[in-house]
Amino acid sequence: MTETTVQAQPKPVPSTARDPRPGVSGVEPAALAAILEGMGEPAFRSRQVADSVWRSEAAGWDDVTTLGRPLRARLAERLRFDALTATEVRVADDGATEKALHQLSDGRLVESVLMHYPARGARRERNTLCISSQAGCAVGCPFCATGELGFERDLDVAEIVDQVRHARRRLAAGGRHLTNLVFMGMGEPLLNLDAVVEAAVIITDAERFGLGARHLTISTSGVVPGIERLTAMRPQWTLAVSLHAARDALRDLLVPLNRRWPVRAVVAAAAGYAAATGRRVSYEYVMIDGLNDTPADADALARLLAGSGSHVNCIPMNAVAHTPWQASAPDRIEAFANRLQAAGIGVTVRRNRGQEVGAACGQLAAERSGEPAAAAVTRRHERLVAASARALAGERSGEPAPGDVAMAPPSGQVGPGPVVRPATQRPATQRPITPRSGSPRMAGHPDRRSGTGRRPPGAPSRGSR
Ligand code: SAH
Ligand code: SF4
């Protein structure tokens, strides 16, 4: 992707206290009415304020000219019109992709990515926004820039919704409107489920943002209790599951939550969601050269998803985190996809911007956090090469699932294990993930592959294609 325009660049700022004023987009209509009534305003003001939030292109209280200046000032004391304090937009792909880096009131940074797909044949134009649910992420998938950052904090409802309002304003300026929304930015949505659900309800409420429920997708790395909670709500939202490996030993490495909720439990929970909602689940599969892209991997994936009616998106890994890995070559991805298809699994290969949806998120924020020391990167590479070899030999990870223990490295370093925050720094809203008792090292697990003789990806002597 070639970047062509940079606007309004916020400088990284040290973390400050959060603005205590709620963002107006996250305030329920009844609560907004009560606030206005408490301010001595007539009942019709709530409608005016709601219209300014949901139906106008206003970017701040000052733009809301339907309200008098004194009322705007009093409202600004109570409520933030925009929960994002600054936004830098980078335009790429000849204007078809916009990456936005948003600053929160405490100086933290999150990203959203807006992608424009022109109409083609019978297919209408689409404008898809990818949004963040957390600043950083505790799950620590090693190929992911957000995972490498580690967890910072949950976003609140307005901080999630306002990424969408921002995009809507930018789209409206070009005569476009948002057609699809995906929670595939920074963070694990199901580890901030209350806020994500509230935001999704607001965004799909006809009286507020008004996006069709079926046009909203929530992506998870496999938080089984979160999938079950969603299932019980029976929404019409689409569930996407980041699988990346069909076998536990490899998935323990690529998606560390697998050590807590193994792949079969994740797929079973997703099948429960599909059965309860009638919505087809899609699986994301990041393709990493020599690690998870072999015919045996395709066969294991086909067996895992057989009869589920679900769809797999194969996404070439974007080399944004510090790993010894590379994206699978296009012919290898093609072969993988063909093998899945031959086994009756629906599959799409994402080649260009699709691959940036996930990969782009976290990249800008990671850039701002600075390059880790070279020695730390070398240690991380060595650790991942060794862990890849163990995973390919079928050895389950003996490391705890993220969220279990304090393993966060000193700042500026790339740590030896999954990057998670110390338990003492967990915000009250974050549900801790408790360890599976014993979590045994399962060298003799049925998933174990014998005699593969595969070299660890990233090892220097590769190339036997
Ligand atoms: N935490 C959630 C949602 C955000 S990540 C999840 O993991 O599903 C959104 C998607 O981007 C996931 O499928 C993730 O695996 C993918 N992704 C992350 N880093 C990537 C990279 N370097 N290359 C390609 N896809 C990546
Ligand atoms: Fe978190 Fe998703 Fe990145 Fe994994 S891929 S670290 S779950 S944001």
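Residues numbered from 1 in each chain as written. Chains lettered and ligands numbered in written order. Predicted model: local features only at pLDDT ≥ 70, side-chain atom pairs only at ≥ 80, totals over all residues. Heavy atoms only, no water.

**Details of the overall build of the protein**
Argument step 1. The helix and strand inventory of the protein stands at 14 helices and 13 strands.
Argument step 2. Counting all 465 residues of the protein, 56% fall into the buried class.
Argument step 3. Counted over contacts in the protein with a minimum sequence separation of 6, partners at least 24 positions apart contribute 72%.
Argument step 4. Of the roughly 19,100 Å² that the protein leaves accessible, carbon and sulfur atoms contribute 53%. (Helix = DSSP H or I, 4+ residues; strand = E, 2+ residues; numbered from the N terminus. Buried < 20%, exposed > 50% of the residue type's maximum accessible area, 1.4 Å probe, protein only. Contact = heavy atoms within 4.5 Å. Areas by Shrake-Rupley, 256 points an atom, 1.4 Å probe, with all protein chains shown as cover.)

**Topic: the site of ligand 1**
Argument step 1. The local shell around ligand 1 holds 21 residues, among which Phe143, Ser219, Ser242, His244 and Asn318 are the closest.
Argument step 2. One of the side-chain nitrogen or oxygen atoms of Glu188 is found 3.4 Å away from a nitrogen atom of ligand 1.
Argument step 3. Between ligand 1 and Asn318, the relevant distance is 2.7 Å, taken from a nitrogen atom to a main-chain nitrogen or oxygen of the residue.
Argument step 4. Alone, ligand 1 offers 530 Å² of accessible surface; in the complex the protein occludes 95% of this.
Argument step 5. If you list the elements that add at least two residues to the shell around ligand 1, you get β9 (216-220), β11 (282-287) and α12 (353-360).
Argument step 6. Here the residues of the shell around ligand 1 sort into 10 nonpolar, nine polar and two charged. (Near = heavy atom within 4 Å. Polar contact = N/O pair within 3.5 Å; in protein donor to acceptor, adjacent residues only side chain to side chain. Nonpolar A, V, L, I, M, F, W, Y, C, P; charged D, E, K, R; others polar.)

**Some words on unusual backbone geometry**
Argument step 1. For Asp94, which is not a glycine, the phi torsion comes out positive at approximately 55°.
Argument step 2. Here Asp94 is to be found in the loop between β2 (86-92) and β3 (97-103).
Argument step 3. Judged by its relative accessible area of 77%, Asp94 is exposed.

**Quick look at helix α3 (residues 69-78)**
Argument step 1. For α3, the full list of buried residues reads Leu71, Arg72 and Leu75. Mapping the buried residues of α3 onto a view down its axis gives an arc of 100°, with all of them on the same face. Counted as exposed and oriented over 90 degrees from the buried face of α3: Arg69, Pro70 and Glu77.
Argument step 2. Those residues of α3 that are buried are in contact with α1 (29-38) and α2 (44-54). (Arc of directions from axis to C-beta.)

**Things to note about the site of ligand 2**
Argument step 1. Taken together, the residues surrounding ligand 2 are Cys137, Val139, Gly140, Cys141, Cys144, Gly147, Gly187 and Ser221.
Argument step 2. Grouping the constituent residues of the shell around ligand 2 by class yields four nonpolar, four polar and no charged.

**Points about the packing of aromatic side chains**
Argument step 1. Taken as a whole and assessed by the stated rule, the structure comprises two aromatic pairs.
Argument step 2. With a centroid separation of 5.0 Å and 70° between ring planes, the pair formed by Trp61 and Phe81 is classed as edge-to-face. Of this pair, Trp61 sits in the loop between α2 and α3 while Phe81 sits in the loop between α3 and β2, and the two are 20 residues apart along the sequence.
Argument step 3. Relative accessible area serves as the criterion here: at 4%, Phe81 is assigned to the buried category.
Argument step 4. Taking 5.0 Å as the distance between ring centres and 35° as the angle between the ring planes, the aromatic pair formed by Tyr285 and Phe336 counts as tilted. In this pair, Tyr285 is assigned in strand β11 and Phe336 in helix α11 (residues 330-342), connecting sequence segments 51 residues apart.
Argument step 5. In this structure Phe336 comes out as buried when scored by relative accessible area, which is 2%.
Argument step 6. A cation over a ring is seen here: Arg126 above Tyr117, with NZ or CZ 4.5 Å from the ring centre.
Argument step 7. The cationic tip of Arg165 hangs over the ring face of Phe81; the distance from NZ or CZ to the ring centre is 4.8 Å. (Phe/Tyr/Trp six-rings, centres within 6.5 Å; stacked < 30°, edge-to-face > 60°. Lys NZ or Arg CZ within 6 Å of the ring centre and 35° of its normal.)

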